Amino acid sequence: MTDDRPKPPLHRAALPNGLRILLAPDPRTPRVSVAVHYRVGFRSEPPGREGFAHLFEHLMFRGSASLPDGRFYDHVHRWGGAANGTTHQDYTDYYQAVPAAALEQALFSEADRMRSPRFTARALAEQLSGVELEARQATIERPYGGFPWPLLAGALYTTHPNAHDGFGDMRRLRRATLDDCADFFTAHYAPGNAVLTVAGDHDPRQAMELITRHFGDIPSRPLPPRTDLTEPLRPDDHRVSWTEPGIDASAVAVGLRLPDPEEDLPGYLSHLVLTDLLGRYGTGMPEFPAVSTSCGFFGPLDARSPDTLVLTAVLPAERSQHLLEVVRNRWSYWAASGADDRFIDAVRRSVRVLAAEHHRRHDDLQIRCRSLGRLEALFDRAELVDRLPDLITAVTPEQVAAAARSLRTAPATVLTIAPGSERTRPLAGARDGRRDHIAHDRLRARPTTAAPGPLPVPAAGAHRDPSPSEQHDTTLPNGLRTVAVRHDRTPLVELRLRLPVGPLGWAHSAQVDHLTRLIDLRGQAALNARAPVGQLRFSTDGQWLDATGYTSSTGLDGWLDALAETLTAALPTVDPRDTATGFADADRLLDDTLRAHVLPAPAAGRPGIDGRGLLERLGRSLLDPTGAVLVAIGELDPRRFAPAAQRALASWSATATERLTDQWFIGASVAPTGGRAPGDLLLREPAAGAVAHLKLSVPEAPSGVDEAARFLATAVLGGYHRSRLASRTVGTVLDGCAVFAGRDTFLDRPRAYVRATVPKRLASPALAALREEMRGMAERPPSAAEVDPAREFCAGQLLSVFDSAAVRADQLCRTVAAGRSPSLLERLPARLREVPVRDVAAAAAALFAHAEPTCVMLGDVEPGVASDDSPLTKETTFGVRK
């Protein structure tokens, strides 16, 4: 899909110390993202220093001269932002996303650690332990660990930079000293070896002034030479096989060299399209499952040349040796199909999908910021972020056929991990099963200048709330509510549909799961036939049936037609006894158990509904437009969306459905038929495990306080890092437990809840502590000292909704389905800063303390966890999934 719209502005600059700067202003989002890319990765590590780039990335978060002892995160946590770092083959990036008001604080924090990081023996020891744990989990403790990376790199390449892995040998890495850390910083973290990127809501001139203020006095240093990545091409295929106990199938990875994107970008992109074709259409052999494909170990254009085309599959042992042959046969077929109409159509569809997926991914503020910096650091071509969709679309079938001809004869490396009685798969730090024993070269630190003292941390700027969007909200004659919002950063439209599962579905969870799978398959088929680009997927959490999708702005009518076909066609009549229950996570099991406890049994004398009759009735109930919400956000005219939806969905009509009465909800004044009083403890026993899952639920009580007060009350109890529940996870019975509070819709009522994951041995005291905290929201009302920090955090975090159309569509659909105004997300940040503390206190009592909560506990714990005033009901079967 060609994008003819003007490209977003991109400003380049440089400071005298060599720091390169990219500014990508976008006033349509109220946040900014800041990224710093250093041109050092694990391919920069010399022999004896394997793993140091990754270790150093961890150390850079532990403190600097002005922000010691983890204070780097102060502004991030205060304003509800996010920050992280990653180590790759040829670069290390550090990135943040914060409200625009915190831009200077974000720049200050990055400048302070570029100028004068603090390395302490304690921080080094802690990060060595953290890196070792990460390496063990990724490469040793899980099945097929290290597959395909770093094992395939070690098998495919022969030179040290390309073949060694980024974790290193921990025995060698543990010899690292503080002098080694200072030396690595001096060599690789000079301003001239970095790219600073700012994207989002900022004025380029003002941003440049801030950058000069905070980065301009950092001394320049000599730059290290770029690592020589020259790699001889293997003359023939190369095969490496290892065994591992405890697995029942062989994992096979195939690695081949990709064209150098700096010298032949069209050739690289042709290979990208070819890998997409293989992943999309398979090998053409029914007995071989789908093959996963990737350009690069970590994604396209994520490394300098040599880069790797990666194919992976999990196969029966008897077929594992034939994967390369089968794939080459497929490439040979495509190599000869350059003028074939079906091949041409497949390539055209692939390039449209790849371009659309690039647009969609890079609509996200933080991803766009990181990609700009990455492409500048690697190739000096940040502008590729906006040019790639057009360049991908320009790839021709002839170029893809040429790529297939090249690959079918190219030498390949095949790595196989097969079932076996003993483990021969190497540990991290190995290559082809061999270890390099290289003496650790201790280099003396070469500090350039004395580190400056602490600098004052700048204050935050003025708050910037979301700008009002052009939107249209209406209800169609069939009862479907549509909300459309203009968002023109990409030529796409994000679409979300949410339908309540309804009483019949809530009572038949397994059957709803089965119908959802059928509807999902039908939706994918319908979209493939009607829209050249896009997605339409259905899922359920037991409470709602959700459709998630997107399409191009020119393909919107086709997407709506595919949705209509999916919703109105007759469902297959499959006996529910043939349905597979599938996997249920802990949250789903908790709510399924509560639903089964709350919903009344069929009335006496009323016949049950079994077999196909149940599925037919359930299908009609599930796909009822009454109360459903359809949201569209993207490059569209909001006022024209409702007529388009009405045209496509005119045949989707309402059916008679059952409705719940007030007495059907927990905590109601009248207990459910055949049920128990509020405050019950329901025990659900899954397979044995180390932890117990708890969920304490109460219906929201009607009150005169607004949504902002309820939002903050939930945050004060358990919605952010300084909440009451968070404080209880240190030095109390909840020490180290995962605990939080939230709000949602349960059955037909708004619900407040507390969710916890605790060691089984602590289930009883943890339950008592959580109930005490919920009662305390009335007994000890939130004070200004608690509410004011919550305001800053929640108002800032809410702004992340506007980072991309996809995130905004998700949140808007949830908001409208819960009965709230579509404009709430834009108005709420400002309202959070204004709502009186007394309203928050009133909301706290109305949400969490007006009734005893009903608790569901998941885990093989003893019945004695019940308190004296909470009758225990041991539930083992509810007609819901086990």
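Structure's up top.
For clarity, every value in this text was computed on a predicted model and none was experimentally measured.

Turning next to the pattern of salt bridges. Per the counting criterion, the structure on display carries 59 salt bridges. For the salt bridge of D513 with R588, the shortest nitrogen-to-oxygen distance reads 3.0 Å. Within this pair, whereas D513 is found in helix α17 (residues 509-530), its partner R588 is found in helix α19 (residues 586-598), the two being separated by 75 residues in sequence. With relative accessibility at 8%, the residue R588 sits in the buried group.

What follows deals with the sheet that holds strand β14 (residues 471-475). The strand order across the open sheet formed by six strands is β14-β15-β19-β16-β18-β17, and the pairing between neighbours is mixed. Each edge of the open sheet is held by one strand with a lone partner, namely β14 and β17 (534-540). Averaged over all pairs of adjacent strands, the angle between their axes in this sheet comes to 10 degrees, without regard to strand direction. Inspection of the sheet shows strand β15 (residues 481-486) paired to strand β19 (residues 629-634) by six bridges, in the parallel sense. When the sheet's bridge partners are listed, R481 is paired in β19 with V629. Running over the sheet, helix α21 (residues 638-648) touches β14, β15, β16 (492-500) and β19 and is turned about 145 degrees from β15.

As summarised here, the arrangement of the five strands in space is β7-β11-β8-β10-β9, forming an open sheet in which the pairing is mixed. Sheet topology places β7 (238-244) and β9 (292-295) at the edges, where each strand pairs with a single neighbour. Within this sheet the neighbouring strands show an average axis-to-axis angle of 15 degrees, counted without direction. Lying on the sheet, helix α10 (residues 265-281) is in contact with β9 and β10 (308-315); it crosses β9 at an angle near 170 degrees.

So, about the pairing of β16. Burial analysis of β16 places eight of its nine residues in the buried class, which makes it a mostly covered element. Bridge count for β16 against strand β18 (residues 544-552) is nine bridges, and the pairing is antiparallel. Residue R496 lies in a different strand from β18, and its bridge partner there is T548. Of the strand pairs in this sheet, β16 and β19 are connected by six bridges, and their pairing is antiparallel.

Direction vectors running N to C along helix α1 (residues 52-59) and helix α8 (residues 178-188) enclose 95 degrees, while the axes themselves pass 11 Å from each other. Comparing the axis directions of α1 and α8 gives the class roughly perpendicular. On α8, the residues touching F52, A53, F56 and L59 of α1 are D180, C181, F184 and F185.

Before going further, it helps to spend a moment on the environment of T566. Mapped onto the elements, T566 comes out in helix α18 (residues 556-568). Overall, the relative accessible area of 0% leaves T566 in the buried class. Spatially, the C-alpha atom of T566 lies 9.1 Å from that of L527, the residues being 39 residues apart in sequence. Other than its neighbours up to four places away in sequence, T566 contacts I519, R522, G523, A526, L536 and F538.

Rules used in this analysis
- For every chain, the first residue of the written sequence is number 1, and numbering continues from 1 onward in sequence order.
- Whole-chain, interface and lining totals are the exception, using all residues; otherwise, since this is a predicted model, local features are given only for residues with pLDDT of at least 70 and side-chain atom pairs are given and counted only at 80 or more.
- Excluded from the side-chain calculations are hydrogens and water; all other atoms, namely the structure's heavy atoms, are used.
- A carboxyl oxygen of Asp or Glu within 4 Å of a side-chain nitrogen of Lys or Arg is what we treat as a salt bridge.
- Elements are defined by DSSP. Helices are runs of H or I of four residues or more, strands are runs of E of two residues or more, and each kind is numbered from the N terminus.
- Burial classes: relative accessible area under 20% of the type maximum marks a residue as buried, over 50% as exposed, and values in between as partly exposed (1.4 Å probe, protein chains only).
- In this analysis, strands are considered paired if DSSP registers two or more bridges between them.
- Note on geometry: axes are lines fitted to C-alpha atoms, helical ones only across the stretch in contact, with angles between N-to-C directions running from 0 to 180 degrees.
- By definition in these notes, contact holds between two residues if any of their heavy atoms fall within 4.5 Å.
- What sets the label is the angle itself: under 35 degrees gives roughly parallel, over 145 gives roughly antiparallel, 65 to 115 gives roughly perpendicular, and the rest give oblique.

So yeah, pure geometry; function would need other evidence.
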